[in-house]
Amino acid sequence: MVRNICALSEMAKGFNIPIVLSTVNVATGRNKETIKALKQVLTDETSYDRTSINAWEDYEFLEAVKATGRKKLVMCALWTEACLSFPALDALSEGYDVFAPVDCVGGTSKEAHDAALSRMQQAGAKLTSLTQLSCEWQRDWNREATVPVFAKALVANGSFLGETL
């Protein structure tokens, strides 16, 4: 999961897709900062530390999302059943299109992960994967400028393990 979320973040940066990063209760000492591997990818991103479980209920986070001007959101989180599903459901109810790469998020159990994905899908979220999203963004190998980040994401996800690109 960590490898995939880092690859997705690198893809977003490579395709100039805005990233809104948040943490929960780091300032209070209850939780830890963004994991090192992801922080190394997102060196230039502002992190919004919030107290709410639902990021959509945090004013700074929500304003940052709105400031992107995007109505299609790719959303990832640590826990599918809380950190992803709650803001995804709220975003959907406000007219956003939400895409959830299922292999870039995890639940407290497989059952919890699957139940949260099902709930989001029933509400209109589009379930996808790192590989599918990467291919959708790249579309054509002739888009030379983004091939390196695209190929790296595919290798990170195991899509081309053992093959030479």
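Residues numbered from 1 in each chain as written. Predicted model: local features only at pLDDT ≥ 70, side-chain atom pairs only at ≥ 80, totals over all residues. Heavy atoms only, no water.

K.L.:
Would you mind going over the side chain of Ser9 with me for this structure?
P.N.:
Mapping Ser9 onto the fold places it in helix α1 (residues 2–14). Overall, Ser9 belongs to the buried group, its relative accessible area being 9%. Residues within four places of Ser9 in sequence aside, it is in contact with Ile19, Leu38, Val41 and Leu42. (Helix = DSSP H or I, 4+ residues; strand = E, 2+ residues; numbered from the N terminus. Buried < 20%, exposed > 50% of the residue type's maximum accessible area, 1.4 Å probe, protein only. Contact = heavy atoms within 4.5 Å.)

K.L.:
Help me out: how do you make sense of the packing of aromatic side chains in this one?
P.N.:
Between two aromatic rings, the relevant description is the distance of the centres plus the angle of the planes. This structure, assessed with the given rule, holds three aromatic pairs. For the ring pair Phe15 and Trp137, a centre distance of 5.9 Å and an interplane angle of 45° mean the geometry is tilted. Here Phe15 is found in the loop between α1 and β1 (21–24), whereas its partner Trp137 is found in helix α6 (residues 130–138), with 122 residues between them in sequence. Arranged with centres 5.3 Å apart and planes meeting at 80°, the rings of Trp56 and Tyr96 form a pair that is edge-to-face. Of this pair, Trp56 sits in the loop between β2 (47–50) and α3 (59–67) while Tyr96 sits in the loop between α4 (80–93) and β4 (97–101), placing them 40 residues apart in sequence. The class for Trp56 is buried, based on a relative accessible area of 5%. By relative accessible area, Tyr96 is classed as buried at 8%. We note Lys71 situated over the ring of Tyr96; from NZ or CZ to the ring centre the distance is 4.0 Å. Lying across the ring of Phe99, Lys126 places its NZ or CZ 5.7 Å from the centre. (Phe/Tyr/Trp six-rings, centres within 6.5 Å; stacked < 30°, edge-to-face > 60°. Lys NZ or Arg CZ within 6 Å of the ring centre and 35° of its normal.)

K.L.:
Would you take a moment to explain the confidence of the model for the protein for this structure?
P.N.:
Detailed conclusions should not be drawn from predicted coordinates in areas where pLDDT is low. Here the protein averages 91 in pLDDT, and 94% of its residues register 70 or above. Contacts for the low-pLDDT stretch residues 161–165, under 50 throughout, to residues beyond four places or in other chains number four contacts. (pLDDT = per-residue confidence, 0-100.)

K.L.:
What am I meant to see in a nonpolar patch on the surface here?
P.N.:
Side chains of Met1, Leu78 and Trp79 sit close together on the surface and give an oily, nonpolar patch of about 320 Å² of accessible area. Structurally, Trp79 is set in the loop between β3 (72–74) and α4. (Patch = residues over 30% accessible without salt bridge, like charges linked within 9 Å, V, L, I, M, F, W, Y side chains within 5 Å. Areas by Shrake-Rupley, 256 points an atom, 1.4 Å probe, with all protein chains shown as cover. Salt bridge = Lys/Arg side-chain N within 4 Å of Asp/Glu carboxyl O.)

K.L.:
Help me understand the packing of α1 against α6, please; the structure alone is not making it clear to me.
P.N.:
The relative placement of two packed helices is expressed as an angle between their axes plus a distance between the axes. Look at α1 against α6: their axes get within 11 Å of each other, and the N-to-C directions meet at 10°. By the angle class used here, α1 and α6 are roughly parallel. Counted together, Asn4, Ala7, Leu8, Met11 and Ala12 of α1 and Leu130, Leu133, Ser134 and Trp137 of α6 form the full contact between these two elements. Its residues assigned to classes, the contact of α1 with α6 shows seven nonpolar, two polar and no charged. (Axes fitted to C-alpha atoms, helices over the stretch in contact; angles between N-to-C directions. Parallel < 35°, antiparallel > 145°, perpendicular 65-115°, else oblique. Nonpolar A, V, L, I, M, F, W, Y, C, P; charged D, E, K, R; others polar.)

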